[in-house]
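Here is how the chains run, residue by residue.
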Amino acid sequence: MDATIKKQLEITACKVRLGIIEGVFNAKSGHPGGSLSIADVLTYLYFAKMNVYPDKPDEPSRDRFVLSKGHTAPALYSTLAQKGFFPEEELKSLRHIGALLQGHPCITIPGVDMSSGSLGQGISAACGMALSAKISNDTYKVYTILGDGEIEEGQVWEAAMFAAHYKLDNLVAIVDNNGLQIDGKISDVMSPYPIKEKFEAFGWHAIEIDAHDFDAIDNAFNEAEKISGQPVVIIQKSVKGKGVSFMENQVGWHGTAPNAEQYAQAVSELNAKLKELEG
Amino acid sequence: MADIIKKATRESYGEALAALGDKYENLYVLDADLAAATKTGIFKKKFPERFFDCGIAEANMMGVAAGLATTGKIPFASTFAMFAAGRAFEIVRNSIGYPHLNVKIGATHAGISVGEDGATHQCNEDIALMRTIPGMTIINPADDVEAKAAVEAAILHNGPVYMRFGRLAVPVFNDPATYKFELGKGIKLRDGKDIAIIATGLMVSEAIEAAKVLEAEGISATVINIHTIKPIDAEIIVNAAKATGLVLTVEEHSIIGGLGSAVSDVLSAELPTKVIKIGVNDEFGHSGPAVDLLKQFGLCADNIVKTAKAAVASK
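All figures in this text were calculated on a predicted structure; none of them were measured in a lab.

*Asks:* What am I meant to see in the overall build of chain B here?
*Replies:* Counting secondary structure elements, chain B contains 13 helices and 14 strands. For a compact globule of 315 residues, the expected C-alpha radius of gyration is about 20 Å, and chain B comes in at 19 Å, within 12% of that figure. Expressed as lengths along the three principal axes of its C-alpha atoms, the size of chain B is roughly 60 × 40 × 40 Å. Residue burial in chain B is summarised as follows: out of 315 residues, 63% are buried. Accessible surface for chain B amounts to roughly 11600 Å². Of this, 54% is attributable to carbon and sulfur atoms. Computed over 31 positive and 37 negative side-chain charges, the inter-centroid distance for chain B is 2 Å.

What follows is the structure, given as structure tokens:
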């Protein structure tokens, strides 16, 4: 990947992370850990990959995105705000009464292609969108992000079977493998491993990458585009809470908002990182 | 009465889809390995490229239907009522109802008239479940003519629709030449002054038969067909209650949460009136020939007559 583009993506991802912290802090609730772990891939999708139009969010030819792990809505909202779908100011009223930004993605929000949040359902809707493109010979692509805990849901595997059966090579699923779910390590709670082999057995082309390396992300999505006749899953090894030192790899930050002091520290760390990048 | 034609509304569903496929090019059909039973196989034969089998995976099928609907297609997701409203309830709620997507659910084999398959497949709860989803339209047609009209009405309505069809062949009493389906509007089939019998689905023809018997015995009964259970026609219900002062609801569904509850909701708020419910009581069904089961559970003209007479006598 071009160094300038990479630097710009890193800067944007840092801003996305700041927006996540802003949203969750003001909401006094929400899911920062899994939001921070997908900030890089979301930034890549919206700023380097997908054809989307902030001034025409419903443009029929647009690429689609479904956040199957819908509880990490702060990451999606922050990315959409950076992209210009709505003002960044909206992040401050996330989860408030009367606010645009609901606790989980809602289809009425500009840029949100599907309501989601009840785990296991988003990937099925993504399959429907991809099937629709196949039926009509539309060229748009469909992307969906699942949690590694989420794939414990049986519906995910119904959808996995469906996508391979109908050869949905216009569908790319990303599994955010941060290794933690609410009750602890996924390997202790209910191991979904081996993830790659499971998807391969279901007929998918599987790629494993480091979630926080834009070169790796870029290579994976470029590889995905070359795959024909089968859906692609990108299993990204990520750090839950990535970018905020005290949140990293801590299961406790799955669904907890920072207090004022923690908020200040998180913002200070991310601002320092931003300053360093913008140097 | 030998010339009465009988037909299962699931047949009507499959035939209507196939017949309407030419007119509505945006119509697609999904099934969960039951095309032979839900009769979507009739559509599949005519439009194989617009039919997608999802296998025995109803949850995913509902989500796929939602995804198709986001792109402007009109999917009919078809399976048995037990799996459409039961197993897939939460997907219907969250992936179809909450985003208010234009998905049509064709739920066949509803009620105890499934027959020999028994309690696991006799869904007596689907109307109750679907009524709780905001924005969900629920249609329970009474015969072949009404079922076919309902399918087209569902296509023309923008929003999620749950359609309930049966396995058992039932009398075709509506005249296709004059029948008119209006979504959300009940149909008064008979005017009376002693009692209002409000029925839905396959119980409508039984209610008509019962009213004839009651008339011979000196009881004049109004008969109303409520094909759209949600949104319900409050006006026709209130007017019938006003005219008769006594309401008897009849449905092949649990007495909890179905037509009887919907009618009671209307009347308790607008015109408190005694409502007696005939339906499946708070119990599971069991195996047996459908017609015998309907009789055993009191879902027949005889029981409507008996119940109506007792209710009128104690007025």
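*Asks:* Can you walk me through the sheet that holds strand β1 (residues 64–67) of chain A in this structure?
*Replies:* Note on sheets: strands pair through backbone hydrogen bonds, and any given pair is parallel or antiparallel. Residue and element names in this part refer to chain A. Reading across from one edge, β1-β2-β3-β7-β6 is the order of the five strands in this open sheet, with parallel pairing throughout. Two strands bound the open sheet, and with one partner strand each, they are β1 and β6 (205–210). This sheet shows a mean twist of 20° between the axes of neighbouring strands, independent of strand direction. Of the pairings in the sheet, the one linking strand β2 (residues 142–147) to strand β3 (residues 171–177) comprises six bridges and is parallel in character. Each residue of the ladder has a partner; that of G147, found in β3, is D176. In the packing of helix α5 (residues 122–136) onto the sheet, contacts are made with β1, β2 and β3, and the angle to β2 comes to roughly 170°.

*Asks:* It is not clear to me how the nonpolar core should be interpreted in this structure. Could you clarify?
*Replies:* When a protein is soluble and globular, its nonpolar side chains tend to lie buried together. Formed by 79 residues in total, the largest nonpolar core has its most connected members in L171 and W204 of chain A together with M62, I105 and Y162 of chain B. Domain assignment of the residues forming this core places at least three in each of domain 1 (6–171) and domain 2 (187–313) of chain B. The residues touching Y162 of chain B, leaving out its near neighbours within four places in the chain, are A81, A84, A85, I105, A107, D126, M130, M136, T137, I138 and I139 of chain B. Core analysis: the next-biggest nonpolar cluster, separate from the first, contains 61 residues, I11, L45, A220 and V232 of chain A among them.

*Asks:* Whenever I open this one, the domain arrangement of chain B confuses me. Can you help?
*Replies:* Many analyses report the size of an interface as the accessible area lost when the parts associate. Residues and elements named next belong to chain B. Along its sequence, chain B is organised into domain 1 (6–171) and domain 2 (187–313). If you look at the interface, domain 1 gives 31 residues, while domain 2 gives 35 residues. In this assembly, domain 1 packs against domain 2 so that about 2400 Å² is buried in total across both faces, 56% of it on carbon and sulfur atoms. Considering only the side of domain 1, the residues that lose the most area to domain 2 are I112, N124 and R131, jointly responsible for 27% of the buried surface there. Taken together, the connections running from domain 1 to domain 2 amount to one salt bridge. With a shortest N-O distance of 2.8 Å, D265 and R131 are connected by a salt bridge. Our enumeration of links across domain 1 and domain 2 arrives at 20 residue pairs in polar contact (both at pLDDT 80 or more). Looking at the side of domain 1 that touches domain 2, the elements with two or more residues in it are α7 (126–131), β6 (137–139) and β8 (170–171). When residues in the side of domain 1 that touches domain 2 are grouped by element, the largest group, four residues, is from α7.

*Asks:* Would you mind showing me how to read the sheet that holds strand β13 (residues 246–254) of chain B here?
*Replies:* Residues and elements named next belong to chain B. Taken together, five strands build an open sheet; the order of strands is β9-β11-β10-β13-β14 and the sheet is mixed. Among the strands making up the open sheet, the edge pair consists of β9 (187–190) and β14 (274–280). Across this sheet, the average inter-strand angle for adjacent strands is 25°, counted without regard to direction.

About the cut-offs
Residues numbered from 1 in each chain as written. Chains lettered and ligands numbered in written order. Predicted model: local features only at pLDDT ≥ 70, side-chain atom pairs only at ≥ 80, totals over all residues. Heavy atoms only, no water. Helix = DSSP H or I, 4+ residues; strand = E, 2+ residues; numbered from the N terminus. Rg over C-alpha atoms; globule rule 2.2 N^0.38 Å. Buried < 20%, exposed > 50% of the residue type's maximum accessible area, 1.4 Å probe, protein only. Areas by Shrake-Rupley, 256 points an atom, 1.4 Å probe, with all protein chains shown as cover. Lys, Arg positive; Asp, Glu negative; His and termini not counted. Charge placed at Lys NZ, Arg CZ, Asp CG, Glu CD. Pairing = 2+ DSSP bridges. Axes fitted to C-alpha atoms, helices over the stretch in contact; angles between N-to-C directions. Contact = heavy atoms within 4.5 Å. Core = buried A, V, L, I, M, F, W, Y, C linked by side-chain atoms within 4.5 Å. Domains from an automatic or database assignment. Buried area = accessible area lost by both parts, 1.4 Å probe. Salt bridge = Lys/Arg side-chain N within 4 Å of Asp/Glu carboxyl O. Polar contact = N/O pair within 3.5 Å; in protein donor to acceptor, adjacent residues only side chain to side chain.

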